[in-house]
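Overview (structure and organization)
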Amino acid sequence: MKVQQITKDNLVLRQDVVGARRPSNFFWAVIVSIGGIGFLLAGLSSYLKVNLLLVSDTTELQFIPQGAALSFYGVAGTLLATYLWLTILWNVGGGYNEFNKEKGFIKIFRWGYPGKNRRIDLDWKIEDVQAVRAEVREGLNPKRELFLRIKQRRDIPLTRVGEPISLSQLENQGAELARFLEVPLEGL
């Protein structure tokens, strides 16, 4: 989550949230694409008995069972790569958090998958905010997130999903937001 201050006498705080357009997602999409297409071409080469690959010759493989297995893995890998590229294209999870003291509202906006719920747009009054809560869980699957505690509602996540942010970043962002909203910071 990149913090960006858009100020009108320090009355508006806007935080941009990075969605699926992270370098790690681009890396994995490229790797899965190369692997999926490679397996698919290897399977097709064994079926058609025509070499479609530049790095090896799979025309000598029997289609049943080796070529069929390669084709299956190739189709699965290509479908997974398509999903990854579409998620990056649609920037799923990307958006912003806007805290506007001038108008007295909080707006949480995220992009979702295409369909009737493509835009996730949530609004609350600033006066309904009870606290900013930080959740830190270490171990095999570490979790470091900021939440907005709203009166009579579930806690609203403010940080991106996926890669956990550093503890110092979490503390700084949580303290800055709690100071801006004039509410306590819980969990640290």
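Looking up the protein chain in an unreviewed UniProt entry gives the name Photosystem I assembly protein Ycf4, with the organism given as Pannus brasiliensis CCIBt3594. Annotation of the protein chain in UniProt includes, under Function (unreviewed entry), the sentence "Seems to be required for the assembly of the photosystem I complex." What UniProt records for the protein chain under Sequence similarities (unreviewed entry) is the sentence "Belongs to the Ycf4 family."

Here we take up the overall build of the protein chain. Scanning the protein chain for helices and strands turns up 3 helices and 9 strands. What you see in the protein chain, going N to C, is helices and strands ordered as β-β-α-α-β-β-β-β-β-β-α-β. For 188 residues, the compact-globule formula gives about 16 Å, and the C-alpha radius of gyration of the protein chain, at 23 Å, lies well above that figure. Going through the 188 residues of the protein chain one by one, you find that 36% of them count as buried. A separation threshold of at least 6 residues defines the contact pool for the protein chain, and within that pool the share at least 24 residues apart is 49%.

The side chains of a regular strand alternate, first on one face of the sheet and then on the other. Counting buried residues in strand 7 (residues 143-150) gives 6 out of 8 residues, a clear majority hidden from the surface. Looking at chain direction, strand 6 (residues 129-137) and strand 7 are connected through 8 bridges and run antiparallel. Across the sheet, Val-132 pairs through a bridge with Leu-148, a residue of strand 7. Connecting strand 6 to the antiparallel partner strand 7 that follows it, the hairpin turn spans 5 residues, and Gly-139 within it adopts a positive phi of roughly 125°. Examined bridge by bridge, strand 7 and strand 8 (residues 156-157) share 2 bridges and lie antiparallel to one another. Paired with Phe-147 across the strands is Pro-157, a residue of strand 8. Here strand 7 folds back onto strand 8, and the loop between the two strands holds 5 residues, one of which, Gln-152, carries a positive phi near 55°.

Parameters at a glance
Here the residue numbers are simple positions, counted from 1 along each chain's written sequence. Thresholds applied to this predicted model are a pLDDT of at least 70 for local features of residues and 80 or more for the giving and counting of side-chain atom pairs; totals over whole chains, interfaces and linings are not thresholded and use all residues. Heavy atoms throughout the structure, all of them, feed into the side-chain values; hydrogens and water do not. UniProt positions are given in the numbering used here, feature names are shortened, and annotations may be inferred rather than shown by experiment. Every helix listed is a DSSP run of H or I at least four residues long, and every strand listed is a run of E at least two residues long, numbered separately from the N terminus. With the radius of gyration taken over C-alpha atoms, the globule rule is written as 2.2 Å times the number of residues to the power 0.38. Using a 1.4 Å probe on the protein chains alone, a residue whose accessible area is under 20% of its type maximum counts as buried, one over 50% counts as exposed, and one in between counts as partly exposed. Contact definition: two residues touch when any of their heavy atoms are within 4.5 Å. Strand pairing is assigned whenever DSSP identifies at least 2 bridges connecting the two strands.

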